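# Working through the structure, step by step
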Amino acid sequence: MNPVLAAVERNISVVAEEMSEFITRYTLHATRKIKNKGIDCRAILLSLFSSLLLILSFPKFNLSFLAWIGFVPLFIGCKGKSRKHCFFLFYLAGAVFWAGILYWLIQVNFIGFFLLVLYLAIYFGIFGLAIGYTLHATRYTPKIANQRSIIFYFLFVPSLWVVLEFIRSHLFSGFAWALLGYSQYLNLPIIQIADISGAYGVSFLIMMVNGVLGLQATGYRLQAKKRVLLVLLPVLCIIGTLIYGYIKIGSPVTSHQSPVTISVVQGNIPQKQKWDEQFKENILNKYINLSQEAARKDSPDLIIWPETAVPAYFNQDKGLKDRILEFSSHIDTFLLIGTPLLRGNKSFNSAVLISSDKTVQQYDKLHLVPFGEYVPSLFSFIRRFIEIGDFSPGKDWTVFQSHQSPGHQLPGHQSPVPAFAVLICFEDVFPYLSRGFVKRGADFLINISNDAWFGKSSAPYQHCQSAVFRAVENRVQVIKCSNTGISCFIKPSGEIFGRLLKQGKDIFVDGYSTQRILIEKKQPSFYTRFGDIFALLCLLFCVGFSIIQWVIGFRLKKSKRI
């Protein structure tokens, strides 16, 4: 070897050894300092590991099997810890998880993203606090793992998680995004139980498995019978869920069905151009041209444009309105458009059904996005610092009936389009809305949205998860139409098909997708009829279990004093 190269190699080796020694000494010193302050590095790493597993179980990674073990490292890290430490470890895991799930919100508002992550992590923290109270001995509560109530405890753990998800989905307008059960949206046999329990039932099952595995991993010694029962409990639940799922998926389609052909149009309009006056004509031309092509090639019964596809107030801009109505008179189909409407001094995010150059019906969005489409009165001062929309919520649960069209039937159509309801933007995230529309007579659901706000991120795929569960819960077809996002069709089983693809891409592409679907006429599902009764039962169980455990702890404390 060249002497110069040999010398360089020796010098590099010496430097590497010195750096290695320095890093080792520094790490050991830092670890001692951290331990002296009562911080457990191992527990923190386990907490972060749980966050990573949970993030990977959601889109775009879709490693859904990781959700079944995602909380196990956290349970291990909490072994022997105080309630305060359990809260901290779970809160840390929650903060990292939500930051990894909602990172795309930074493109809209960094402060809003930061505050939302801190808020959502509280639910993880409360869950960890409950673990600290019940799994480990405290002044107030005996050590559950050594009690006869061990089986009830591992029903309490998933029940509490469901209760927290339910509260999060409703409190402060609600944020029902990325429920634990949503991670299984591609696992069709597992999610079929949602027509009974909603998405919360899938969350329950996942957390039950995590709880049992966590107990085994932490090394708690249980009697053989209890250990067998703990293993059998989730196994039997999973087997029962799979049997039910395969039966539902394999059920034959009923003969009472109405075929309907629907086209969804995705314009892929950049957010910066959407409300720029100079792009208005180009935007309208794009939607009209794509719709004309779909009408000519596929002869659909209904063409759908996404949320706010119309780049102006439809009922105020006469030139734009006349052009859309004229276009509708030249195509032999119904046209559903997303558009803002202005009535008086109030703006609405709306959907309008058009037939033969006449407006048939309209729907104004019921559930607005807080700090996006409106600002709660308590926080009105925020408008001084951030530009936020000023929409008003609608009041009517509109179910679109195409037979209300003048003449009742379009030329060339054998039958009107079955009754449907529209969910605008993230309204499909809230189960009560979909259920409410189906109970009011909607035979299928349409979600129109615009996910261009969030760039090339996982947001559109996470949004699609919600629509899958709305389809299964109510056993109806769900159709998604986005400006850019996931434009697709979803069967009552939750199977996604007819996805709009262009050169292998499904976001930030333009085009249309047409599918002929069958609208079944059948009895409403258990979930449609009774709603979130499963979540309510979980709440009652948690309250009852907590009271019983408090009484047991109080008696033990009293007996020790005697």
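Refer to the structure above for everything that follows.
Heads up: these notes are all about the structure in this document. (Residues numbered from 1 in each chain as written. Predicted model: local features only at pLDDT ≥ 70, side-chain atom pairs only at ≥ 80, totals over all residues. Heavy atoms only, no water.)

Centre distance and the angle of the planes are the two values used to describe a pair of aromatic rings. Per the counting criterion, the structure on display carries 35 aromatic pairs. A centroid spacing of 5.7 Å and a plane angle of 35 degrees characterise the contact between F97 and F124, whose relative ring orientation is tilted. You can see F97 sitting in helix α4 (residues 83–101) and its partner F124 sitting in helix α5 (residues 110–134), a full 27 residues away along the chain. With a centroid separation of 5.8 Å and 35 degrees between ring planes, the pair formed by F489 and F497 is classed as tilted. The same class applies to F489 and to F497, which are both buried. Over the ring of W275 we find K274; its NZ or CZ atom is 5.8 Å from the centre of that ring. Stacked on the ring of F497, the Lys or Arg K491 has its end atom at 5.5 Å from the ring centre. (Phe/Tyr/Trp six-rings, centres within 6.5 Å; stacked < 30°, edge-to-face > 60°. Helix = DSSP H or I, 4+ residues; strand = E, 2+ residues; numbered from the N terminus. Buried < 20%, exposed > 50% of the residue type's maximum accessible area, 1.4 Å probe, protein only. Lys NZ or Arg CZ within 6 Å of the ring centre and 35° of its normal.)

This part is about the side chain of Q184. Mapped onto the elements, Q184 comes out in the loop between α6 (150–168) and α7 (188–191). Its relative accessible area of 0% is what places Q184 among the buried residues. Here S64 takes part through its backbone oxygen, which lies 2.9 Å from a polar atom of the side chain of Q184. Of the polar contacts made by the side chain of Q184, one reaches the side chain of S183; its length is 2.9 Å. Those residues in contact with Q184, other than ones at most four positions away along the chain, are S64, A67, W68, I190, I191, V202 and I206. (Polar contact = N/O pair within 3.5 Å; in protein donor to acceptor, adjacent residues only side chain to side chain. Contact = heavy atoms within 4.5 Å.)

Within the secondary structure layout, D396 lies in the loop between β5 (358–364) and β6 (420–424). Looking at D396, the relative accessible area reads 56%, which means it is exposed. Separated by 34 residues in the primary sequence, D396 and Q362 have C-alpha atoms spaced 9.7 Å apart. Those residues in contact with D396, other than ones at most four positions away along the chain, are Y363 and L366.

For the rest of this paragraph, the subject is empty space enclosed by the protein. Here the idea is plain: a probe the size of a water molecule rolls over the atoms and shows the empty space left. A complete count under the given rule lists 2 cavities of 30 Å³ or more for this structure. Elements with a contribution of two residues or more to the lining of the largest cavity: α4, α5 and α6. Here the lining of the largest cavity gets 4 residues from one element, more than from any other, and that element is α6. Its residues assigned to classes, the lining of the largest cavity shows 13 nonpolar, no polar and 2 charged. (1 Å grid on protein atoms, 1.4 Å probe; cavity = no way out; pocket = protein on both sides within 12 Å on 5 of 7 lines; lining within 4 Å. Points joined across faces, edges and corners; volume = space filled by probe spheres on them. Nonpolar A, V, L, I, M, F, W, Y, C, P; charged D, E, K, R; others polar.)

Looking now at helix α11 (residues 280–298). Here α11 spans 27 Å end to end across 19 residues, near enough to the 27 Å set by a 1.5 Å rise per residue. All of the buried residues along α11 are K280, I283, L284, Y287, I288, L290, S291, A294 and A295. Viewed end-on, α11 has its buried residues packed into an arc of 165 degrees, placing them on one side of the element. Summarising the geometry of α11, the exposed residues directed more than 90 degrees from the buried face are R296 and K297. Contact partners of the buried residues in α11: β1 (257–266), β2 (302–304), α12 (318–330) and β11 (511–520). (Expected span 1.5 Å × (residues − 1). Arc of directions from axis to C-beta.)

Attention now goes to the pairing of strand β7 (residues 444–449). The buried count for β7 comes to 6 of 6 residues, which makes it a mostly enclosed element. Burial of the side chains of β7 extends over both faces: F444, I446 and I448 are buried on one face and L445, N447 and S449 on the other. Examined bridge by bridge, β6 and β7 share 5 bridges and lie parallel to one another. Paired with A421 across the two strands is L445, which belongs to β7. Regarding the hand of the β-α-β motif, the stretch spanning β6, helix α13 (residues 431–439) and β7 is right-handed. Pairing of β7 with strand β8 (residues 477–482) involves 6 bridges; the strand directions are parallel. Paired with L445 across the two strands is V478, which belongs to β8. Each parallel crossover has a hand, and for β7 linked through helix α14 (residues 459–474) to β8 it is right-handed. (Pairing = 2+ DSSP bridges. Right-handed = clockwise from strand over helix to strand, strands pointing away.)

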